[in-house]
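# Summary of the model geometry
One letter stands for each residue in the lines below.
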Amino acid sequence: MSHHQITEARRRLHRSELAVPGSRPELFEKAAASRADYVFLDLEDAVAPDEKEAARRNVIEALGDVDWRGSNKTISVRVNGLDTHYMYRDLIDVVEQAGAHLDTVLVPKVGVPGDIYAVDALLTQLEQAMGLSHRIGVEALVETALGMANVEAVAASSPRLEALHFGVADYAASCRARTISIGGLNPDYPGDQWHSALSRMLVACRANGLRAIDGPFGDFGDPDGFLAGARRAAALGYDGKWAIHPSQIELANDVFTPPEAEVDQARRVLRALEEAAAAGRGAAQLDGRMIDAASARMARNVVETAEAIEGRSS
């Protein structure tokens, strides 16, 4: 164990992440009433250029009028990219007019640590000027070859940063990958063509105390394909997955919710190790297998997730 201690970002339940276009205000109340853990109102790719300003006004109004937190939602806004002239106005108008209701800002197409620094600096100034009582978090979409090449540095770029999200569609385009659909697999590739990127991003997240969120699966008529991708991400250690359609929310929640049997087993591991510690032993046996301090850390991850889900339900 290194002497360097990781400061974990704010914990948020993040099994399912629903994207809602800012140009579709009729969907906002439905999103708040859904079972998604996290909702982001989108000002970027889901909004046509001539609708950007209207979408921004819609989002500002919805942040104040819809009871997102009362619905147990983390509420975020995906601003436009730093390479556009929309981004600075997105951030200033949203925070000045509705920052008290905003949990995080989702920054697209992050390529270098300086991208996060720019957003962090502007948010800091806005919070000070507005006298906001809470700090707005920042989350980054890693969706370009440049972003993945710098993912470790991006993950360490700011104490305001909470999560990295894998933007598989733009990442595929950036890498010129041949793929059949957003998040889908090319049958010519022997396995999961996104595994290397997902694994690298996950390690960068965990090394810096961040949440790791898998990207979208575009074919919402293929629940089996969505489930397969979600299960691969969960097996790696991801916290949750993007849903582009309400039908994908429960699929993500189910995959990223530890099964009851797994939670019970994790609690048994912790009890067995507590008993061993009381007897002066650092390890124990349970069901014919050796368990030790590493087992306890894995078990605590499961139990803490289960308790967060139970707390949300209550």
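Figured I'd write up the structure that's included with this text.

What counts, and at which threshold
Residue indices begin from 1 for each chain and proceed along its sequence in written order. The predicted origin of the model limits local features to residues at a pLDDT of at least 70 and limits the giving and counting of side-chain atom pairs to 80 or more, whereas totals for whole chains, interfaces and linings rest on all residues. Processing note: side-chain calculations cover all non-hydrogen atoms of the structure and skip hydrogens and water entirely. Here a helix means four or more residues in a row that DSSP labels H or I, a strand means two or more in a row labelled E, and each is numbered from the N terminus. Only the C-alpha atoms count toward the radius of gyration. The rule for a globule is 2.2 Å times the residue count to the power 0.38. The cut-offs for exposure are 20% and 50% of the maximum accessible area for each residue type, with area from a 1.4 Å probe on protein chains only; residues under the lower value are buried, those over the upper are exposed, and the others partly exposed. The contact criterion used is simple: two residues touch if any of their non-hydrogen atoms lie within 4.5 Å. When charges are counted, neither His nor the chain ends are considered; positive counts come from Lys and Arg and negative counts from Asp and Glu. All charge positions are set by atom: Lys at NZ, Arg at CZ, Asp at CG, Glu at CD. Salt bridge, as used here: a side-chain nitrogen of Lys or Arg that lies within 4 Å of a carboxyl oxygen of Asp or Glu. We call a pair of cysteine sulfur atoms a disulfide when they lie within 2.5 Å. In this description, a line fitted to the C-alpha atoms serves as the axis of each element, helices being fitted only across the stretch in contact, and the angle between N-to-C directions of two axes falls anywhere from 0 to 180 degrees. Any angle that is under 35 degrees is reported as roughly parallel, and any over 145 degrees as roughly antiparallel; angles of 65 to 115 degrees are reported as roughly perpendicular and all others as oblique. By the definition used in this description, the sense in which the near helix is turned from the far one sets the handedness, with an anticlockwise turn below a right angle giving left-handed and a clockwise turn giving right-handed. The classification used treats Ala, Val, Leu, Ile, Met, Phe, Trp, Tyr, Cys and Pro as nonpolar, Asp, Glu, Lys and Arg as charged, and all other residues, Gly among them, as polar. In this analysis, the expected span of each helix is defined as 1.5 Å times one less than the number of residues it contains. The arc in question is the one spanned by the directions pointing from the helix axis to the C-beta atoms. When DSSP locates at least two bridges between a pair of strands, those strands are taken to pair.

### Structural notes on the overall build of the protein
Scanning the protein from N- to C-terminus turns up twelve helices and ten strands. Scaling as 2.2 N^0.38, a compact globule of 314 residues should have a C-alpha radius of gyration of about 20 Å, and the protein matches this with 20 Å. Expressed as a percentage of the 314 residues in the protein, the buried residues total 49%. Looking at the protein alone, contacts between residues at least 24 apart form 72% of all its contacts between residues at least 6 apart. Between the mean site of the 33 positive side-chain charges and the mean site of the 46 negative ones, the protein shows a separation of 3 Å.

### Some points on the pattern of salt bridges
As enumerated under the stated definition, the model contains 22 salt bridges in all. Note that Glu250 is salt-bridged to Arg35, the shortest N-O span being 2.8 Å. Taken together, the positions of Glu250 in helix α10 (residues 249–255) and Arg35 in the loop between α1 (28–33) and β2 (38–42) put the pair 215 residues apart, joining distant regions of the chain. Classification of Arg35 as partly exposed rests on a relative accessible area of 47%. Note that Asp192 is salt-bridged to Arg232, the shortest N-O span being 2.9 Å.

### Brief notes about the state of the cysteines
Enumeration over the complete set of coordinates arrives at zero disulfides. You can see Cys175 has no disulfide; the closest cysteine sulfur is in Cys205, sitting 17 Å from it. In this structure Cys205 comes out as buried when scored by relative accessible area, which is 0%.

### With respect to the packing of helix α3 (residues 87–98) against helix α4 (residues 113–130)
Contact pair α3 / α4: the axes reach a minimum separation of 10 Å and the direction vectors enclose 30°. In this view, α3 runs roughly parallel relative to α4, as classed from their interaxial angle. Both α3 and α4 take part in a crossing whose hand is right-handed. Of α4, the residues touching α3 (which contributes Met87, Leu91, Ile92, Val95 and Glu96) are Val119, Leu122, Leu123, Leu126 and Met130. Across the contact of α3 with α4, the residue classes tally to nine nonpolar, no polar and one charged.

### Topic: helix α8 (residues 195–207)
The end-to-end C-alpha separation of α8 is 18 Å, in line with the 18 Å expected for 13 residues at 1.5 Å each. Of all the residues in α8, the buried ones are Ala197, Leu198, Met201, Leu202, Ala204 and Cys205. Buried residues of α8, viewed axially, fall in a sector of 165°; they line one side. With respect to the buried face of α8, the exposed residues turned more than 90 degrees away are Ser196 and Val203.

### Topic: the pairing of strand β6 (residues 161–166)
For β6, the buried fraction is high: six of the six residues fall into the buried class. Judged from the three bridges that link them, β6 and strand β7 (residues 211–214) form a sheet pairing that is parallel. Each residue of the ladder has a partner; that of Ala163, found in β7, is Arg211.

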